[in-house]
Amino acid sequence: MGAALSVEQKLQDTVQFAGNEVTLTCRVNKDGASARWWHGDVEVQNNNKFSMVQDGMKFVLRIRNVQRSEEGFYKIKVKYYNEEVESTAMVTVKENLRVSRTFQDVKASAGQEVILKCEVNREDVTAEWKKDDKLLTEGRNVVMEQRGKEFILKIKHAQKSDTGFYTCLVKSGSEEVKISAEVAVEEFDREWRSINFNPQTRNKLEAELTQLRPQLEPLRILLYGPIGSGKSSFINSIDIVFKGKISTGALADAAGAGISFTRRFQTHKIEKKNTSEFLPFVLNDVMGLEDEKSKGVHPDDIMSILKGHVKENYLFEPSAPLSEEDPDYKRDPSPTDKVHCLVCLLPADKISFLTDDIFAKMRSIREQASDMGIPQVVVMTKPDMACQVVKSDLRKIYYSMKIKEKMQECSNRLGVPMNCIFPVKNYHEVTELVLEVDVLILKALSTIIHFANDYARQHVVR
Ligand SMILES: Nc1nc2c(ncn2[C@@H]2O[C@H](COP(=O)(O)OP(=O)(O)OP(=O)(O)O)[C@@H](O)[C@H]2O)c(=O)[nH]1
Ligand SMILES: [Mg+2]
């Protein structure tokens, strides 16, 4: 009989790319033996996928066009009379590295976050990002992430200089795939509305307002808008600009809590610097508007204020607007009790989140005021919360696409033309005066007061 049957060449574990052929070979020490093959528990049959060949002492299994479903353990059992030996090996099918999700060209406004995301079909990969063929490195503004098969590049506050051709190069051994796209970050090359942030401009605007002798004194300005939009802060800020020093007006809500901070109807006078005289206009703010019917200032109360019927210190009651029988109802208002310019304050960072109901309320107020001929201005507050570029440099206010976009949104949703919309950053946390803050506030205020004066000239004084 000689030596016992034994395996001379074992099956080898094999890794192959999908679509290729896998060959498993086993050799025994005796000629004339027979063999059977198994894939897991299933016996392999000759067909156009598998071919089993015997060549003397050598047994070969070929798997054509191998796919992931053919992965697994393969076993050969070789029999020679009553002797039997076996060998097992693992076949792993790798898919060729390919891209399963690409990213597209991006157009962004300065200050926005840009996110490029792509995915490949395998995890045994590494990636590098390039911008215009130069390797990108992580920084304060650039973050790279790998989550399994997914690769993410985040440019946090995109700047014009981030414009370029971005590539994610994914590698595994000698395989490599590329995903590329164009990122264009737009910032206006020139200001789309001109403004001079210099002390002369500031002083000139201040002097004009201080020396103004209006048709009617005082002109009355009414501020309205959603809760927390910065109405009280705007009055505080105007006060600070004319005082020339930071004061704590204690008007605004420091915490920005859920319900309106302003509850009473109050008239705010602004003192001229170093005198006990007041500027020839007064400002009123109201409780914030809310979308629910029973919450926030009642639109009818705003109408009563416009007509001059509301007495000082009237307590706003969201569900019960002022009636003619109320002791706070002023029956015969004087021309200075009436409102000469209506100002809507909208927070730049929240415009998109304000409901249609709130806008419907504001539009209705606006339309009724228009019927009365009252001029209207929109002050867009919190530009620093809407655009990072502006947050770090207020001089960029009319360069920022984001700010223009937000102003456009105010214009569309409220129906006010762009030239009646002014972005303003309030003095809400700083401890010293800032020229740019002053100039923006004075610019907006100057338009408001001139509109009010024109209205007084045409409607009130005969
Ligand atoms: N970042 C930033 N915050 C601001 C600005 N203006 C106001 N705020 C903050 O926004 C919050 C609300 O401001 P208020 O002035 O109380 O708003 P309001 O419209 O009077 O609010 P209600 O009286 O509650 O309706 C406060 O925490 C302010 O500090 C601004 O220009 N930029
Ligand atoms: Mg307020």
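Rules used in this analysis
- Starting from 1, residues in each chain are numbered consecutively following that chain's sequence as written.
- Each chain gets a letter, beginning with A, and each ligand a number, beginning with 1, in the order they are written.
- Reporting of local features is limited, given that this is a predicted model, to residues whose pLDDT is at least 70; pairs of side-chain atoms are given and counted only at 80 or more, and all residues count toward the totals for whole chains, interfaces and linings.
- With hydrogens and water excluded, all non-hydrogen atoms of the structure serve as input to the side-chain values.
- Working definition: helices are DSSP H or I runs of at least four residues, strands are E runs of at least two. Numbering for both runs from the N terminus.
- For every residue, the accessible area (1.4 Å probe, protein chains only) is compared with the maximum for its type, and the residue is labelled buried under 20%, exposed over 50%, or partly exposed between those bounds.
- If even one non-hydrogen atom of a residue comes within 4 Å of a molecule or strand, that residue is called near it.
- By the criterion applied in these results, polar contacts are pairs of N or O atoms within 3.5 Å in which, for protein atoms, one can donate a hydrogen and the other can accept it, and in which residues neighboring in sequence qualify only through two side-chain atoms.
- All accessible-area figures derive from a Shrake-Rupley calculation using a 1.4 Å probe, and residue coverage is judged against the displayed protein chains alone.
- We call two residues in contact when some of their heavy atoms are within 4.5 Å.
- UniProt positions are given in the numbering used here, feature names are shortened, and annotations may be inferred rather than shown by experiment.
- A pair of strands is labelled paired if DSSP reports no fewer than 2 bridges between them.
- In plain terms, two cysteine sulfur atoms within 2.5 Å form what is called a disulfide here.
- Axes here mean lines fitted to C-alpha atoms, for a helix over just the part in contact, with angles spanning 0 to 180 degrees between N-to-C directions.
- Angles are sorted into four bins: roughly parallel if under 35 degrees, roughly antiparallel if over 145, roughly perpendicular if 65 to 115, and oblique for all others.
- In a left-handed crossing the near helix is turned counterclockwise from the far helix by less than a right angle, and in a right-handed crossing that turn is clockwise.
- Residue polarity follows a fixed list, in which Ala, Val, Leu, Ile, Met, Phe, Trp, Tyr, Cys and Pro are nonpolar, Asp, Glu, Lys and Arg are charged, and the others, Gly among them, are polar.
- Boundaries between domains were set according to an automatic or database domain assignment.
- Once two parts are joined, some of their accessible surface, as seen by a 1.4 Å probe, is lost; buried area is that loss totalled over both.
- Salt bridge, as used here, is a side-chain nitrogen of Lys or Arg placed within 4 Å of a carboxyl oxygen of Asp or Glu.
- Put simply, a patch holds well-exposed residues, over 30% relative accessible area, that have no salt bridge, with like charges counted together within 9 Å and Val, Leu, Ile, Met, Phe, Trp or Tyr side chains within 5 Å.
- Positive charges come from Lys and Arg, negative ones from Asp and Glu, while His and the chain ends are left out of the count.
- Taken as the charge centre is NZ of Lys, CZ of Arg, CG of Asp or CD of Glu, depending on the residue.
- Side-chain rings of Phe, Tyr and Trp, where Trp is taken by its six-membered ring, are said to pair if the distance between their centres is within 6.5 Å; with planes under 30 degrees apart they count as stacked, over 60 as edge-to-face, and otherwise as tilted.
- The rule is short: NZ of Lys or CZ of Arg within 6 Å of the ring centre and within 35 degrees of the ring normal puts a charge over the ring.

Under an unreviewed UniProt entry, the name given to the chain is Ig-like domain-containing protein, and the source organism is Denticeps clupeoides.

Here Glu217 and Pro218 are connected by a cis peptide whose omega angle stands at -5 degrees. You can see Pro218 is positioned in the loop between α1 (199–211) and β19 (219–224). Within the chain, Asn313 stands out as a residue other than glycine whose phi angle is a positive 75 degrees. For Asn313, the position within the fold is in the loop between α3 (299–306) and β22 (341–347). A relative accessible area of 37% means that Asn313 is categorised as partly exposed.

Not every one of the 20 residues close to ligand 1 is listed here, only the nearest: Lys231, Ser232, Ser233, Phe261 and Asp384. At 2.6 Å from a nitrogen atom of ligand 1 is found a side-chain nitrogen or oxygen belonging to Asp384. Between ligand 1 and Asn426 there is a distance of 2.9 Å, counted from an oxygen atom to a backbone nitrogen or oxygen. Contact with the protein chains covers 93% of the free accessible surface of ligand 1, which is 650 Å². For the shell around ligand 1, the elements supplying multiple residues, two or more each, are α2 (231–243) and α5 (383–386). At three residues, the largest contribution of residues to the shell around ligand 1 is made by α2.

Another aspect to go through is the side chain of Ser51. By secondary structure assignment, the location of Ser51 is in strand β6 (residues 50–55). With relative accessibility at 12%, the residue Ser51 sits in the buried group. Residues in contact with Ser51, not counting those within four places in the same chain, are Asn46, Val60, Leu61, Arg62 and Arg64.

Next up on the list: the UniProt feature "domain: Ig-like" (unreviewed entry) in the chain. Using the residue numbers shown here, the UniProt feature "domain: Ig-like" (unreviewed entry) corresponds to residues 19–92 and 95–184. Span residues 95–184 is 0% helix and 59% strand, its end C-alpha atoms 34 Å apart.

What follows is about the environment of Pro321. With respect to the element layout, Pro321 can be found in the loop between α3 and β22. The spatial distance from the C-alpha of Pro321 to the C-alpha of Leu136 is 61 Å, given a sequence separation of 185 residues. Residue contacts for Pro321: discarding those within four places in its chain leaves His298, Asp300, Asp301 and Tyr314.

A separate point is the sheet that holds strand β5 (residues 42–43). A sheet is described by the order of its strands in space; here five strands give the open sequence β2-β9-β8-β4-β5, paired in mixed fashion. Of all the strands in the sheet, just β2 (14–17) and β5 have a single pairing partner and so form its edges. Examined bridge by bridge, strand β4 (residues 34–39) and strand β8 (residues 72–80) share six bridges and lie antiparallel to one another. Among the inter-strand pairings, Ser34 is bridged to a residue of β8, identified as Lys79.

Under the definition given, this model contains zero disulfides. Not part of a disulfide, Cys341 finds its nearest cysteine sulfur in Cys420, a span of 8.8 Å.

Our focus in this paragraph is the sheet that holds strand β17 (residues 164–172). Across the sheet, which stays open at both edges, the five strands sit in the order β11-β18-β17-β13-β14 with mixed pairing between neighbours. Strands with a single pairing partner mark the edges of an open sheet, and in this sheet they are β11 (106–109) and β14 (134–135).

Our next topic: the packing of α3 against helix α4 (residues 356–371). Two elements in contact, α3 and α4, have axes whose closest approach is 10 Å; the angle formed by their N-to-C orientations is 25 degrees. Classed by the angle they form, the pair α3 and α4 counts as roughly parallel. In this structure, α3 meets α4 at a crossing whose hand is right-handed. Between α3, through Pro299, Ile302, Met303 and Leu306, and α4, the contact on the second element is made entirely by Lys361, Ile365, Gln368 and Ala369. Of the residues assigned to the contact of α3 with α4, the class counts are six nonpolar, one polar and one charged.

Right, let's talk about α3 for a bit. Taking burial as the measure, the eight residues of α3 include seven buried ones, the bulk of the element. Taken residue by residue, α3 has Pro299, Asp301, Ile302, Met303, Ser304, Ile305 and Leu306 as its buried positions. The inward-facing, buried residues of α3 abut β19, β22 and α4.

What follows deals with the domain arrangement of the chain. With domains assigned, the chain is organised as domain 1 (7–94), domain 2 (99–186) and domain 3 (199–460). A C-alpha centroid distance of 44 Å is found between domain 2 and domain 3. If you look at the interface, domain 2 gives seven residues, while domain 3 gives six residues. Here domain 2 and domain 3 share an interface that buries about 560 Å² over both sides, 61% of which is from carbon and sulfur atoms. Inspection of the domain 2/domain 3 interface yields zero salt bridges.

Further remarks concern a negative patch on the surface. Together, Asp105, Asp132, Asp133 and Glu182 make up a region of like negative charge exposed at the surface. If you trace the backbone, Asp105 turns up in the loop between β10 (99–101) and β11. A residue is classified by how much of its surface remains accessible, and Asp105, at 57% relative accessible area, is exposed.

What follows is about the environment of Lys443. Along the chain, Lys443 falls in helix α8 (residues 435–460). Residue contacts for Lys443: discarding those within four places in its chain leaves Ile195 and Leu205.

To continue, consider the packing of aromatic side chains. Throughout the structure, instances matching the rule amount to six aromatic pairs. On the basis of an interplanar angle of 25 degrees and a centroid distance of 5.6 Å, the ring pair of Phe103 and Trp129 is categorised as stacked. Note that Phe103 is positioned in the loop between β10 and β11 and Trp129 in strand β13 (residues 126–131), a separation of 26 residues in sequence. Across the pair, exposure class does not vary: Phe103 and Trp129 are buried alike. Stacked on the ring of Trp38, the Lys or Arg Lys77 has its end atom at 5.0 Å from the ring centre. The ring of Phe278 carries Lys269 above its face, with NZ or CZ at 5.2 Å from the centroid.

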